[in-house]
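# Examining the three-dimensional arrangement
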Amino acid sequence: MIEQFLPYLVMVSIVFGGICAVVTTRNITRTSPINNKIKRQYDLYISDLETSNKRLNGKVNQMKKTITIDPEEAGDPFSAIGSIIDQIAPQLPASIRPLLKNKKAVEFVSNYVQQNPDAVKSIVEKFTSKQTKNSASETSTTESTL
């Protein structure tokens, strides 16, 4: 009697095993909306980190740039002002940069420079004296090592 039910029993176990396999794979491969939401949040977080990292690296690179004045301009403080402003402009806040392009502001600065050449010359000398002090200290250290 059991021999008669044995093929049916094997058939039922095979069908039941197949159904279990299908249900299991559907549950494993299913992506729930919560998982998608978390994945999107991680992706947004990573992209925000990358953009802020690029922005901060750019700012650091700008801050590493030193302000230099050509030796030709060092003698004439009026010609050095333009190059100093061009080098300082990227480091200024975005709200102040348009003032450098404003004609009235430039005229005010040029009038101030013409009225107070000693003050402007002292400002320019601050930039140029740092370079000469460094070069003087370098020469003194090389002389002391000899």
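Residues numbered from 1 in each chain as written. Predicted model: local features only at pLDDT ≥ 70, side-chain atom pairs only at ≥ 80, totals over all residues. Heavy atoms only, no water.

## Topic: the overall build of the chain
Check the secondary structure of the chain and you find seven helices and zero strands. Its helices and strands in sequence order give the chain the pattern α-α-α-α-α-α-α, from N to C terminus. Taken over 146 residues, the chain has a buried fraction of 8%. (Helix = DSSP H or I, 4+ residues; strand = E, 2+ residues; numbered from the N terminus. Buried < 20%, exposed > 50% of the residue type's maximum accessible area, 1.4 Å probe, protein only.)

## Remarks on the confidence of the model for the chain
Of all residues in the chain, 75% have pLDDT values of 70 or greater, and the mean over the chain is 75. Predicted confidence for residues 131-146 stays below pLDDT 50, and this span has three contacts to residues more than four positions away or in other chains. (pLDDT = per-residue confidence, 0-100. Contact = heavy atoms within 4.5 Å.)

## A few points about a nonpolar patch on the surface
Taken together, the side chains of I34, I38, Y42, Y45, I46 and L49 define a hydrophobic patch exposed on the protein surface, amounting to about 640 Å² of accessible area. Within the secondary structure, Y42 sits in helix 2 (residues 33-64). Residue class for Y42 comes out exposed when judged on its relative accessible area of 53%. (Patch = residues over 30% accessible without salt bridge, like charges linked within 9 Å, V, L, I, M, F, W, Y side chains within 5 Å. Areas by Shrake-Rupley, 256 points an atom, 1.4 Å probe, with all protein chains shown as cover. Salt bridge = Lys/Arg side-chain N within 4 Å of Asp/Glu carboxyl O.)

## Quick word on the environment of Q91
Along the polypeptide, Q91 turns up in the loop between helix 4 (77-88) and helix 5 (97-101). Take Q91: its relative accessible area is 32%, and that puts it in the partly exposed class. For Q91 and Q62, which are 29 residues apart along the polypeptide, the C-alpha to C-alpha distance reads 6.9 Å. If near-sequence neighbours (up to four positions away) are discounted, Q91 is found in contact with Q62, M63 and K65.

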